[in-house]
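# Results of the structural survey
Given next are the chains, with one letter for each unit.
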Amino acid sequence: MRWRVKKAKKATRARAEGDVEPGRRGRLTEEAKDRLAQMREDAVAADVPVDGDRWSTWGDADQGPKPHPSWLVTDLSAVDRELGIVKTGKEADVFLLERAMPGTDRSCLLAAKRYRSNDHRLFHRDAGYLEGRRMRRSREMRAMTNRSAFGRNLIAERWAVAEFAALTTLWQRGAPVPYPVQRDGTELLLEFVGKDGAAAPRLAQLRPEPDELVDLWRQLVDALTVMASAGLAHGDLSAFNLMVHDGELVVIDLPQVVDLAANPRGPEFLERDVRNVAGWFTARGLQPELAEPREVTEVLLDAAGLR
């Protein structure tokens, strides 16, 4: 009888300290998970600010590198308001977001990039890019391989994590990339590249004059050199994921960033990047000798310490 009393006291003490009760072992059922998720959504919906779509998620997210830019609103009491969609894509959509402090004139425009996890076509070439990226658990690897709902969400989040980490590294090294404001799950908030709510044009939309073409090519080679010195290749570089803002080239869309040392196909991805953009520039009049892909690739591999 005495041991039962001791056991009951121990269980009571454990519950008081926040431990899980022994009789409630095991995982939540799918029904219980759905009910819990709905409860959380209802709780969030009940706390919507009057002059916005949501309260700032800054305090709950992985935050960008310090020092934070002076234009960025980091107050936890700030409000986020969506102003429209900027771009739709196969893997993610980009929205224009305003983050403002109510009752003041302090605000900033952000690009909210939200990866989709419900599309089976999500990053159809992801296997090659994932080489060299560590997986924490075999269960996660199996889920991603089988493309279960859980696995697809993991893939989307891994791309968001990879892009945020790459942008953070490159920003700190002075590369021309948008400032990575924060990451919350599969949503990235980035510096908005544009003016008065209008996004800067993609390089593919422009027809630069000869002098401007040479200048943009040199800017691009400098940017790729900074990336290579950080051990990174874009992985999917083209004129469609380069923006030009006030004459300055900006590299965007880096979820498929490649670790040149860890990925056995790293040099292959790098050379493909160079060929893609060199072909665009020479097709628009750049002298071929200035953009010889093999020579540029060799220079970048030297910068990466792989030659």
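Residues numbered from 1 in each chain as written. Predicted model: local features only at pLDDT ≥ 70, side-chain atom pairs only at ≥ 80, totals over all residues. Heavy atoms only, no water.

## Quick notes on a negative patch on the surface
Selection rule: Exposure above 30% relative accessible area and the absence of a salt bridge qualify a residue for a patch, where like charges join within 9 Å and nonpolar side chains (Val, Leu, Ile, Met, Phe, Trp, Tyr) within 5 Å. What sets the accessible areas is the Shrake-Rupley method with a 1.4 Å probe; for residues, cover comes only from the shown protein chains. Salt-bridge detection follows one rule: a side-chain nitrogen of Lys or Arg within 4 Å of a carboxyl oxygen of Asp or Glu. All tallies of charge rest on Lys and Arg as positive and Asp and Glu as negative; His and the ends of each chain are not included. Taken as the charge centre is NZ of Lys, CZ of Arg, CG of Asp or CD of Glu, depending on the residue. Helix numbers and strand numbers start at the N terminus; a helix is a DSSP run of H or I with at least 4 residues, a strand a run of E with at least 2.
A contiguous patch of negative charge, built from Glu209, Asp211, Glu212, Asp215, Asp246 and Glu248, is present on the exposed surface. Looking at the negative patch, the element that brings in the most residues is helix 6 (residues 210-229), giving three residues. By the element assignment, Asp215 lies in helix 6.

## Focus: the pairing of strand 5 (residues 107-115)
Successive residues of a regular strand alternate their side chains across the two faces of the sheet. The criterion, for reference: Accessibility here uses a 1.4 Å probe with only protein chains present; expressed as a share of the type maximum, an area under 20% marks a residue as buried, one over 50% as exposed, and anything in between as partly exposed. Between any two strands, pairing holds if DSSP finds at least two bridges.
Counting buried positions along strand 5 gives seven out of nine residues, so the element sits mostly inside the fold. The turn joining strand 4 (residues 92-100) and strand 5, which pair antiparallel and follow one another in sequence, is formed by six residues; a positive phi near 80° is taken by Gly103. Here strand 5 pairs with strand 7 (residues 187-191) via five bridges, running antiparallel. Along strand 7, the bridge assignment pairs Arg114 with Glu187.

## Regarding the pattern of salt bridges
The tally for this structure, following the rule as stated, stands at 18 salt bridges. The salt bridge involving Glu163 is made with Lys113; its shortest N-O contact spans 3.1 Å. Within this pair, whereas Glu163 is found in helix 5 (residues 149-172), its partner Lys113 is found in strand 5, the two being separated by 50 residues in sequence. Lys113 matches Glu163 in its accessibility class, with the two residues each being buried. Close ionic contact of Glu271 with Arg275 constitutes a salt bridge, the shortest N to O distance being 3.1 Å. Linking Glu271 with Arg275, this pair stays in helix 7 (residues 266-283), spanning four residues, or about one helical turn. Bridged by salt links that share partners, the residues Arg54, Asp80, Glu82, Arg99, Arg114 and Glu187 form one connected network.

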